[in-house]
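# Examination of the molecular architecture
Take a look at the letters that make up each chain.
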Amino acid sequence: MKVNKRFYLFSILSFGLMVLVAMTLLYSWRQINQALDKEKFSNNVSQITLELQQQLHELEAHKNSAAIENWEKLQFKLRKILADPPGLSPEQKTLLNSIVRNNTSAVVLFERLNALNSGLANQSIIRHLEERLRAQVMVIQEDSQELALLARQSLSNILFNQTMYVMTMLSIGLILLIFISHRFFRWIQHATQLLMKGLNKIEQGHFESIDLTTTDSNDEVYDILMKFNRMSERLKENTITRDVLQKIVDERTRELTRVANTDSLTSVPNRRALFERGEMEFSRAHRHHQPFAMLMIDADHFKHINDQYGHMVGDKVLIHLCRTIEKEVRKVDFFARFGGEEFVLILPHNDEKGAYESACRIQKVVNENPMSCDGTSIRLTVSIGVVVLHSSHKDFGDMINDADKALLLAKKNGRNRIEFYQTPSLSLVKPENASQINDNNND
Ligand SMILES: Nc1nc2c(ncn2[C@@H]2O[C@H](COP(=O)(O)OP(=O)(O)OP(=O)(O)O)[C@@H](O)[C@H]2O)c(=O)[nH]1
């Protein structure tokens, strides 16, 4: 149902209830008023008949014209009241008829007595008529008292009944009003709750549709929720959630980091990554007083390869060299391109002996794995400068400098050699078979 129809229905029902309550009050007010009229009428009748009785005593005592006049005045008053009674109950009507009848008889008796009193009538007849008049007035008085009593009882009953009636109708009206209001406002509350639920979901980045089965498909709330669902769908299509965005950013960051740390030609870590890792390993070894070594590896006469086979082949040779050396690298080691045809191998937890063994293995494997290119075998040798951590090294850069010096020495001494950087304060002993391997390789 449309919202305006709901509103009209709510207003009409509320108005109907108000009319019902007003009519109830009016009806009760009328009932009470009528009962009050009856009571007033009965009281008046009772009062006048009492006065009539008193006046009769007065007349018996002093038969003067003033007393007669008063009696007639009271009679006139009584007849006037009796002629215009309010709506009475059957019981009250019976009593009223009795009063009217007896009063008519009393009037006739009074007139007869008056006529007899003015002539020479028999005194016993006069006394008889007087007694009858007295009895008649007494009956009238008793009837009027009974009438007043009935009217009072009736008033009290009506007051009680109407109070109960009004309270019952007010309670029913109130319950109905609460029920109608509850239905109307629950409908509004339900609609706003559904919308709030949807908005909360959007706020949290969940573009889920609202379940429409809970609403009447004819009302505006349904239309609003339909629009909301379409909006959620659109947002879902056009918006990337925070989680997805974070995932993309993480992936891109990882990729950027990988690209930033990787040499584009050989795919081994580049100089930037080398320094990052080298400084970390240097600090760790320095802090924990652990051995730490490093090899600087340089392809010999590489310019000749470029000159002879071309730069492109030279690139392939560098790639081949990296793949060959990588096979000899342990998981804890770190192999990187330092620049040009120079490479560095970081060897954590390695002293000079271990470093020398690694250098020998690399030298050997490079010698034994020439690269095939268009039916030609391109053989390569490397010179290796070795340095191990000692107290004169303040940072990783110091070790690089010393490895470079050792490499220069290897070049100077004829290439395809392994040379240690000799620290003046430390007497590093070259392993016994070092010269032998170098000599063999030089052969
Ligand atoms: N193809 C190719 N050549 C490179 C690359 N980087 C450096 N080179 C070449 O490597 C050569 C290095 O020459 P040099 O410094 O004289 O050293 P070398 O010829 O290897 O001689 P020694 O080191 O003294 O044995 C130069 O010709 C550079 O152009 C590269 O990425 N690709």
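Note: the structure precedes this text.
Okay, so let's go over this structure. A quick note: this is a predicted structure, and the numbers were derived from the prediction, not measured.

The rules we used
- Residues numbered from 1 in each chain as written.
- Predicted model: local features only at pLDDT ≥ 70, side-chain atom pairs only at ≥ 80, totals over all residues.
- Heavy atoms only, no water.
- Helix = DSSP H or I, 4+ residues; strand = E, 2+ residues; numbered from the N terminus.
- Contact = heavy atoms within 4.5 Å.
- Near = heavy atom within 4 Å.
- Polar contact = N/O pair within 3.5 Å; in protein donor to acceptor, adjacent residues only side chain to side chain.
- Areas by Shrake-Rupley, 256 points an atom, 1.4 Å probe, with all protein chains shown as cover.
- Buried < 20%, exposed > 50% of the residue type's maximum accessible area, 1.4 Å probe, protein only.
- Pairing = 2+ DSSP bridges.
- Right-handed = clockwise from strand over helix to strand, strands pointing away.
- Axes fitted to C-alpha atoms, helices over the stretch in contact; angles between N-to-C directions.
- Parallel < 35°, antiparallel > 145°, perpendicular 65-115°, else oblique.
- Nonpolar A, V, L, I, M, F, W, Y, C, P; charged D, E, K, R; others polar.

## Brief notes about the overall build of the chain
The secondary structure content of the chain amounts to twelve helices and seven strands. Pairs at least 24 apart in sequence give 71% of the contacts found in the chain among residues at least 6 apart.

## Considerations on the site of the ligand
The ligand sits among 17 residues. The nearest are Phe302, Asn306, Asp315, Arg337 and Arg415. Within the contact set of the ligand, an oxygen atom lies 2.9 Å away from a backbone nitrogen or oxygen of lysine 303. In this structure, arginine 415 approaches the ligand through a side-chain N or O atom, which is 2.8 Å from an oxygen atom. In the complex, the protein chains occlude 68% of the 660 Å² of accessible area that the ligand would expose alone. Sort the elements by how many residues they give to the shell around the ligand and helix H9 (residues 311–326) lands first, with four residues.

## A few points about the environment of arginine 337
You can see arginine 337 is positioned in strand E2 (residues 334–339). With 74 residues separating them in the primary sequence, arginine 337 and aspartate 263 have C-alpha atoms 7.0 Å apart. When sequence neighbours within four positions are dropped, the list of residues in contact with arginine 337 reads Asp263, Leu265, Thr266, Val268, Pro269, Asn270, Arg271, Leu318, Glu342 and Phe343.

## Examining the pairing of strand E6 (residues 382–388)
Of all seven residues that make up E6, seven are buried, and the element is covered over most of its length. Neither face of E6 is left uncovered, since the one carrying Val382, Ile384, Val386 and Val388 and the one carrying Ser383, Gly385 and Val387 both have all their residues buried. The sheet contact formed by strand E1 (residues 292–299) and E6 spans seven bridges and is antiparallel. From the neighbouring strand, alanine 293 faces E6, where its bridge partner is valine 388. As for the winding sense of the linkage, the β-α-β connection from E6 through helix H11 (residues 396–412) to strand E7 (residues 418–420) is left-handed.

## Let's talk about the sheet that holds E7
To summarise the sheet geometry, strands pair through backbone hydrogen bonds and adopt either a parallel or an antiparallel arrangement. Taken together, five strands build an open sheet; the order of strands is E2-E3-E1-E6-E7 and the sheet is mixed. Of all strands in the sheet, those with a lone pairing partner are E2 and E7, marking the two edges. Taking the axes of each pair of neighbouring strands and ignoring which way they run, one obtains an average angle of 20° across the sheet. In terms of strand pairing, E6 meets E7 through three bridges, oriented parallel. Each bridged residue has a counterpart across the sheet, and for valine 386 the counterpart in E7 is phenylalanine 420.

## Some details on the side chain of asparagine 306
As for its position among the elements, asparagine 306 is in helix H8 (residues 302–309). You can call asparagine 306 buried: its relative accessible area is 17%. Each residue touching asparagine 306, except ones within four places of it in the same chain, is listed here: His311 and Gly314.

## As for the packing of H8 against H9
At a minimum axis distance of 7 Å, the contact between H8 and H9 shows a crossing angle of 135°. Of the possible angle classes, the one that applies to H8 and H9 is oblique. On H9, the residues touching Phe302, Ile305, Asn306 and Tyr309 of H8 are His311, Val313, Gly314, Val317 and Leu318. Taken together, the residues that form the contact of H8 with H9 break down as six nonpolar, three polar and no charged.

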